[in-house]
Amino acid sequence: MATCMKAILFPGCAANDLVQGLGDLWFRILNKIFTDVDYLKERICCGMPFLLSGRYEQAAKCGEKLLSFVENYDILITGCPSCYRMLKYFYPEKLGISSKIEVLHLVNALYDSIRTKKITPEKPVRIRVTYHDPCELCRHMKICDEPRYILNSIPGLDFVELEMNRSESTCCGGGGLMRVLYPRISQEIAISKILNEVAPLYVSAIVTSCPFCKYVFEDAINFIGSSIRVMDISEIVLMAIGG
């Protein structure tokens, strides 16, 4: 990853509409990594919901529209695993849409930057956390070890694994179109994970790398009145680098 290349952040619908301020958080940390990075402010969907509902033609139209806005950039970064999988895999493999732009998930950028010492987590973050693997990011796109490298690089952080982790991780309850089609069941799945998997670890926070997972978990936590926080991985890295 060449940090001198021209980059753009594509936040996606979940970060734009469901998790207030998350896109701005991602942009702050990307400004510490890239010398030239922009923020795509246009509200454009990657097309994943259309793909999941079988509307391939509409999904392709979303993809072509999105790529027309970013064609002058070298790297596109998103913090959304669904957008990442859509851009990286479904566009070329299922929709026949090609682009020269390099596509990264934010975790890729953080991992490379910490590994090469472009950014250095030096400030201790003294909390106990666990990590939830988003289905799209780990099970489908095989980005499982990189978040753990990032968390283990943070001084003072007490990181403990869920019993079911990496490709064996259970879903937050928001996978596919579950949240839209079956919202009550989606919430019950999230509550079950928090009570049966997370709470027994006595952690202060769940860290994840997906805005939709964050949204679903926060809704469940508010519903049951838990004090557990849900943190995006960029938030905890910013705490460690003094951002």
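Before any of the text, the structure's been laid out above.
Residues numbered from 1 in each chain as written. Predicted model: local features only at pLDDT ≥ 70, side-chain atom pairs only at ≥ 80, totals over all residues. Heavy atoms only, no water.

### A short note on the overall build of the protein chain
Counting its regular elements, the protein chain contains 12 helices and eight strands. Its C-alpha atoms give the protein chain a radius of gyration of 17 Å, within 12% of the compact-globule value 18 Å for 243 residues. Dimensions of the protein chain, computed from C-alpha atoms along their principal axes, come out at roughly 45 × 45 × 30 Å. The burial tally for the protein chain puts 53% of its 243 residues in the buried class. Within the protein chain, contacts between residues separated by at least 24 positions form 78% of all contacts whose residues are at least 6 apart in sequence. Taking the average location of the 27 positive side-chain charges in the protein chain and that of its 27 negative ones, the two points are 2 Å from each other. (Helix = DSSP H or I, 4+ residues; strand = E, 2+ residues; numbered from the N terminus. Rg over C-alpha atoms; globule rule 2.2 N^0.38 Å. Buried < 20%, exposed > 50% of the residue type's maximum accessible area, 1.4 Å probe, protein only. Contact = heavy atoms within 4.5 Å. Lys, Arg positive; Asp, Glu negative; His and termini not counted. Charge placed at Lys NZ, Arg CZ, Asp CG, Glu CD.)

### Observations concerning the pattern of salt bridges
One pass over the structure, following the stated rule, counts 13 salt bridges. Where Asp 133 meets Arg 148, a salt bridge forms, and the shortest distance between an N and an O atom there is 2.6 Å. Pair noted here: Asp 133 is in the loop between strand E5 (128-131) and helix H7 (135-140) and Arg 148 is in helix H8 (residues 145-152), with a separation of 15 residues, a long-range link. Per residue, the accessibility class of Asp 133 equals that of Arg 148, and both read buried. Taking the shortest distance from any N to any O, the salt bridge between Arg 166 and Asp 145 comes out at 3.3 Å. You can see Arg 166 sitting in the loop between strand E6 (158-159) and helix H9 (178-181) and its partner Asp 145 sitting in helix H8, a full 21 residues away along the chain. The exposure class assigned to Arg 166 is partly exposed, which follows from its relative accessible area of 32%. (Salt bridge = Lys/Arg side-chain N within 4 Å of Asp/Glu carboxyl O.)

### Examining the environment of Ile 191
Assignment of secondary structure puts Ile 191 in helix H10 (residues 183-198). Taking C-alpha positions, Ile 191 is 23 Å from Glu 235, a pair spaced 44 residues apart along the chain. Ignoring any residue separated from it by four or fewer positions in sequence, one finds Ile 191 in contact with Ala 220, Phe 223 and Ile 224.

### Some thoughts on the sheet that holds strand E1 (residues 7-9)
Read across the sheet, four strands follow the order E2-E1-E3-E4 without closing on themselves; strand pairing throughout is parallel. Edge positions in the sheet fall to strand E2 (37-39) and strand E4 (102-105), since each of these pairs with one other strand and no more. Averaged over neighbouring strand pairs, the angle between their axes works out to 25° when direction is ignored. As paired strands, strand E3 (residues 75-78) and E4 are joined by four bridges and run parallel to one another. Its bridge partner being in E4, Ile 77 is matched across the sheet by Leu 104. Contacting E3 and E4, helix H5 (residues 81-94) crosses the sheet at an angle of about 155° to E4. Here helix H6 (residues 106-115) sits on the sheet and contacts E3 and E4; the angle it forms with E4, its principal contact strand, is near 85°. (Pairing = 2+ DSSP bridges. Axes fitted to C-alpha atoms, helices over the stretch in contact; angles between N-to-C directions.)

Fair warning: the whole summary comes from geometry, so function is off the table for now.
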